[in-house]
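Results of the structural survey
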Amino acid sequence: MDVSRTRALRRLCAPVLVVCLALVAGCTDSASPVKKDPPAVVRTGAPKAGLELQSEYQRVVRDVLPSVVQIQAGNSLGSGVVYDGKGHIVTNAHVVGNEKRFQVTAANSETALTAGLVFSYPEQDLAVIKLDNVPPKLKVAAFGNSARVEVGQIVLAMGSPLGLSSSVTQGIVSATGRTVSEGNAGNAPGATIPNMVQTSAAINPGNSGGALVNLNSQVIGIPTLAALDPELGGSAAPGIGFAIPASMVKTIADQIVRDGKVTNSGRAALNITGRTVLDGNYQPAGVAVVSVKKRGAADKAGLQVGDIIVKLGDRPITTITSLAEALASERPGQRTTVTFLRNGSQQTVEVTLGEQ
């Protein structure tokens with residue numbers, strides 16, 4: 001999937017500056033004509049507070065923007081964040097796509113650098129690339145603790161929307177803990193990602209892989225996608241964008257940097273390949289098991305090719321996406337039940353979830 005999968009968000013939140021005007025009249029005795037002094041303007045402290053907030057924004061931009069790069073992957077453009085001093089850059093898997101080589105342009109330079117793919121992990125929509133030659137002034141981003149992210153917190157989104165490098169938008173954290181499924185990539189379902197940070201900061205095409213930043217100049221997430229509104233013909237829903245939390249970014253990126261791949265995803269799985277099946281009214285009715293990994297979770301529980309999964313625990317399963325969303329809320333090693341149809345008969349088995 002290329003970077004066009006992200007969608008534009010247009011809602012910006014800005015400080016409101018309030019100026020209060022007070023009119024003060026002059027006073028004389030009743031025998032004298034009344035003479036009014038010109039109005040006196042009394043200003044509140046709001047403008048000063050607004051300027052202080054503006055100064056905070058500018059400081060954060062100066063601190064973080066040099067760590068946000070533009071990535072050209074084939075004919076597509078996206079963004080990335082400098083992860084360490086060795087030239088590793090973290091971005092979205094859908095930014096790198098199927099490419100192995102990239103052109104990278106830093107915010108403080110017009111010279112494109114070359115980079116190669118280290119590893120792409122589409123299941124979490126994360127990837128790491130590495131610069132061939134590390135420039136001496138490359139600035140590494142600071143990653144924050146996404147567990148401390150709070151609703152209402154002011155954030156800035158930095159990246160290269162529509163190919164415009166070093167762009168910044170502003171908003172707030174609208175929600176945390178969202179489980180979001182990306183759109184389909186070809187014939188396969190897109191990634192289902194848990195614990196996403198929802199933001200009103202505009203995330204436009206090309207912002208993918210960039211930085212969602214708090215006012216402490218810390219990256220708290222990697223902007224990934226915007227919600228689509230069916231009532232708007234599938235275009236972006238204003239003010240609703242999502243970012244992968246920094247904790248998950250660090251977990252995956254650290255493994256890729258250290259081992260060249262993801263060795264411990266922390267994502268629960270049944271260890272099957274499945275597809276959505278339809279009922280007689282052409283409505284989604286479950287997930288048919290297409291293949292079963294030997295000695296995987298489903299195999300150990302006795303699931304077979306041809307079984308149709310209709311429930312995981314207490315959650316109804318109608319599509320492959322709903323199954324992925326149900327698994328996203330679980331952890332490897334947890335025990336749950338799987339309800340399925342076999343030869344028209346409904347059965348339920350206990351299963352110890354494996355790892356994706």
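Use the structure listed above.
Attention here is on the structure that accompanies the text. (Residues numbered from 1 in each chain as written. Predicted model: local features only at pLDDT ≥ 70, side-chain atom pairs only at ≥ 80, totals over all residues. Heavy atoms only, no water.)

Observations concerning unusual backbone geometry
- Positive phi values are uncommon outside glycine, yet N195 reaches one of about 60°.
- For N195, a relative accessible area of 49% puts it in the partly exposed group.
- A positive phi is found at Y282, a non-glycine position, where the angle reads about 60°.
- As for its placement among the helices and strands, Y282 is situated in the loop between β14 (272-278) and β15 (284-292).
- Given the relative accessible area of 68%, Y282 is considered exposed. (Buried < 20%, exposed > 50% of the residue type's maximum accessible area, 1.4 Å probe, protein only. Helix = DSSP H or I, 4+ residues; strand = E, 2+ residues; numbered from the N terminus.)

A short note on the packing of aromatic side chains
- A full pass over the atoms with the stated rule returns 1 aromatic pair.
- Seen from their ring centres, Y83 and F143 are 5.4 Å apart, and the 65° between their planes marks the pair as edge-to-face. Placement of Y83 in the loop between β2 (76-82) and β3 (88-91) and of F143 in the loop between β6 (126-131) and β7 (154-159) is noted, with a sequence separation of 60 residues between them.
- Relative accessible area serves as the criterion here: at 17%, F143 is assigned to the buried category. (Phe/Tyr/Trp six-rings, centres within 6.5 Å; stacked < 30°, edge-to-face > 60°.)

Concerning the sheet that holds strand β1 (residues 68-73)
- Strand order in the closed barrel formed by 6 strands is β1-β2-β3-β6-β5-β4, and the pairing between neighbours is antiparallel. Geometrically, the sheet is characterised by an average inter-axis angle of 40° between neighbouring strands, direction not taken into account.
- Pairing geometry for β1 and β2, over 6 bridges, is antiparallel. For A73, the partnering residue across the bridge sits in β2 and is S76.
- Sheet strands touched by helix α3 (residues 246-259): β3, β5 (113-121) and β6. Its angle to β6, the strand with the most contacts, is close to 50°. (Pairing = 2+ DSSP bridges. Axes fitted to C-alpha atoms, helices over the stretch in contact; angles between N-to-C directions. Contact = heavy atoms within 4.5 Å.)

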